[in-house]
Amino acid sequence: MTTRVLILGGGYVGLYTALTLKKKAGNQVDITIVDRRPYMTYQPFLPEAAAGSIEPRHVVVPLRRELKGVRVIQGKVTALTHADRQARVETDFGDTLDLDYDEVVIALGAVPRTLPIPGLAEIGVGFKWVEEAISLRNTILGRIARAASTEDPHMRRRLLTFVFVGGGFAGIEAFAETEDMARAALRHYPELQPADLRFVMVEAMTRILPEMGEEMGGYTLEVLRKRGMEIYLATRLESCEGGRIKLSDGQEFDADTVVWTAGVKPNPVLADTDLPKGPRGHVNALPTLQVATEDGEVVPGAWAAGDNAQVPDLAKGEGAWCAPSAQHAVRQARLLGANLAAHLGGREVKEYRHQHLGTVASLGLNKGVAQIMGVKLRGWPAWFMHRTYHMAQIPSFNRKARVVMDWTTALFFRRDLVSMGRIHEPRRAFKEAADS
Ligand SMILES: Cc1cc2nc3c(=O)[nH]c(=O)nc-3n(C[C@H](O)[C@H](O)[C@H](O)COP(=O)(O)OP(=O)(O)OC[C@H]3O[C@@H](n4cnc5c(N)ncnc54)[C@H](O)[C@@H]3O)c2cc1C
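Residues numbered from 1 in each chain as written. Predicted model: local features only at pLDDT ≥ 70, side-chain atom pairs only at ≥ 80, totals over all residues. Heavy atoms only, no water.

Student: How should I be thinking about the site of the ligand in this particular structure?
Tutor: Lining the immediate surroundings of the ligand are 30 residues, of which D35, R37, Q43, V77 and N267 lie closest. A distance of 2.5 Å separates an oxygen atom of the ligand from a polar atom in the side chain of Q43. The contact in question runs from an oxygen atom of the ligand to an N or O atom on the side chain of K128, over 3.4 Å. Burial of the ligand by the protein amounts to 93% of the accessible area it has alone, namely 1,000 Å². At three residues, helix α9 (residues 326-344) tops the list of elements feeding residues into the shell around the ligand. Shared between two domains, the shell around the ligand holds at least three residues of each, these being domain 1 (3-112 + 264-344) and domain 2 (120-262). (Near = heavy atom within 4 Å. Polar contact = N/O pair within 3.5 Å; in protein donor to acceptor, adjacent residues only side chain to side chain. Areas by Shrake-Rupley, 256 points an atom, 1.4 Å probe, with all protein chains shown as cover. Helix = DSSP H or I, 4+ residues; strand = E, 2+ residues; numbered from the N terminus. Domains from an automatic or database assignment.)

Here you go:
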């Protein structure tokens, strides 16, 4: 008899767990994967997708293509009753599916950790999904084009002011890559001056890039400030109502674009499950990636990994938890798949232990910063390392080849700087024609 395995979430953890499980226990399991999107998003390439160095379609990996033999359901997980071995899923068409399973893998990742800041929900945008990267690129290029066609200096300033909140590595990469793209685009606008462009980063801590340590964070701060980018440390965004930006240091200015990159929290849907959770809302997991009670008792039939799981970091020692990162998510997923196969085969499960290798960040074309196993790199070598590492990491030969082709094309023809802002209103031209 086959075991029904239900994987909730088709990101890093979902995709790699399914691949490993299929390889190690293919004929013993019947796998179903549920995700709101029909693809896995390779998030480390989102800044380059926003900056036009990679075609956005190439940073996502279609689940059906990679997971042959796995049932893929596109829908939103809304609840889970593990006591009944049942998950509730809502499809895009409003249907409700109750899915039964024998073993469940919780791989629902994280969502932006927002704050109740006036105006944020109205004008803010996140930077976690490919649609946000595409929209940010179109917004920036579209606003540059509009700013070139206005004589009103106040309007021009407002259109060309882009505010980012949160200077961790995802935020800094998005900030630096899109500024680099905006500067490149400005060369085609003789009506605009480089000083018209304003990129502002607001960070509540006293440093940026905490993942890279003080020295490399300090280096990045210096490099970005030299590029004319404004970075305010120990400062909070207090309000952005109607595009009026108010910072805790007393500054006030207007901006239409606010990008929120201030960290993540575990997926809130976990609150609608009967699985044991840690103090910050993650599913509580053992180093074997089995879900466990607070006392460490295994909850049979439930597994969890990645950003939505609280997994002890054995490499760091007592009391430490694995940070939310792709590095952990991929390795945990592979072990989870192997452990689940071992468990079904009556073999022993192993514990997760991984020494974090370091971080690489791209700061625009030919610019980067990296700290890998104690080795610190700056500028072009770090940028090159960033590209080679992530090219090797993105799943599937198909995606690797397409990304390399994008880079090669950009090498000869420069990156594409066309704004496709109208893509967000596809019916406008037709409606205008029909109305006339
Ligand atoms: C811009 C950016 C850059 C990054 N760069 C790096 C980097 O360079 N190195 C690094 O180590 N880490 C990086 N990270 C972090 C890394 O991407 C995450 O740690 C990793 O994605 C976690 O994997 P996961 O499988 O837990 O979650 P995810 O990959 O987020 O997958 C969760 C999946 O669940 C789905 N889902 C969510 N809710 C529901 C629901 N209710 N119903 C159905 N499906 C749902 C989502 O659609 C998604 O596919 C970056 C993150 C961002 C945002």
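Student: What exactly am I supposed to notice about unusual backbone geometry here?
Tutor: Apart from glycine, the bulk of residues carry a negative phi angle, and the bulk of peptide bonds sit in the trans form. The backbone phi angle of L209 is positive, close to 45 degrees, even though this residue is not glycine. Note on placement: L209 falls in the loop between β13 (198-202) and α8 (213-226). Taking the relative accessible area as the measure of exposure, L209 reaches 0% and is therefore buried. Of note in this structure, A234 is not a glycine but carries a positive phi near 50 degrees. Looking at the element boundaries, A234 is found in the loop between β14 (230-232) and β15 (237-239). (Buried < 20%, exposed > 50% of the residue type's maximum accessible area, 1.4 Å probe, protein only.)

Student: What am I meant to see in the packing of helix α5 (residues 130-148) against helix α7 (residues 169-186) here?
Tutor: Think of two packed helices as two axes; the pair is described by the angle between the axes and how far apart they sit. Here α5 crosses α7 at 30 degrees, and the two axes come no closer than 10 Å. Handedness of the crossing formed by α5 with α7: right-handed. Together, L136, R137, I140, L141 and I144 of α5 and T178, M181, A182, A185 and L186 of α7 make up the contact between the two elements. (Axes fitted to C-alpha atoms, helices over the stretch in contact; angles between N-to-C directions. Left-handed = near helix turned anticlockwise from the far one by under 90°. Contact = heavy atoms within 4.5 Å.)

Student: Would you explain the sheet that holds strand β24 (residues 358-362) in this entry?
Tutor: Sheet strands pair via backbone hydrogen bonds, and the direction of the pair is either parallel or antiparallel. Strand order in this open sheet of three strands is β24-β25-β26, and the pairing throughout is antiparallel. Unpaired on one side and paired on the other, β24 and β26 (375-378) mark the two borders of the sheet. On average, each strand axis in the sheet is inclined to that of its neighbour by 5 degrees, with strand direction left out of account. Relative to β26, strand β25 (residues 368-372) runs antiparallel, the two being bridged by four bridges. Looking at the pairing, V369 lines up with R378 of β26. The sheet contacts of helix α10 (residues 380-393) involve β24, β25 and β26, and relative to β24 the element is tilted by about 105 degrees. (Pairing = 2+ DSSP bridges.)

Student: Honestly, the nonpolar core in this entry has me stumped. Any pointers?
Tutor: The tendency in soluble globular proteins is for nonpolar side chains to be buried as a group. Formed by 106 residues in total, the largest nonpolar core has its most connected members in L8, I106, F164, F175 and F199. Residue assignment places this core across two domains, with domain 1 (3-112 + 264-344) and domain 2 (120-262) each supplying three or more. Ignoring sequence-local partners within four residues, the contact set of F164 consists of L136, G171, A174, F175, T178, F199, V200, M201, V202 and V259. Within the second largest apolar cluster, 14 residues are counted, among which are L120, V165, L247 and V258. (Core = buried A, V, L, I, M, F, W, Y, C linked by side-chain atoms within 4.5 Å.)

Student: Is there a simple way to explain the packing of aromatic side chains in this structure?
Tutor: Given two aromatic rings, one states the distance between the centres and the angle between the planes to describe the pair. Counted according to the given criterion, the structure contains nine aromatic pairs. On the basis of an interplanar angle of 55 degrees and a centroid distance of 6.2 Å, the ring pair of F175 and F199 is categorised as tilted. In this pair, F175 is assigned in helix α7 and F199 in strand β13, connecting sequence segments 24 residues apart. Judged by its relative accessible area of 2%, F199 falls in the buried class. Directly above the ring of Y219 sits R378, whose terminal nitrogen or CZ lies 5.0 Å from the centroid. (Phe/Tyr/Trp six-rings, centres within 6.5 Å; stacked < 30°, edge-to-face > 60°. Lys NZ or Arg CZ within 6 Å of the ring centre and 35° of its normal.)

Student: It is not clear to me how the environment of T114 should be interpreted in this structure. Could you clarify?
Tutor: Note that T114 resides in the loop between β10 (110-112) and α4 (120-123). Judged by its relative accessible area of 45%, T114 is partly exposed. Put simply, T114 and K128 are 14 residues apart on the chain and 13 Å apart in space, counted from C-alpha to C-alpha.

Honestly, it's all geometry; don't read function into it.
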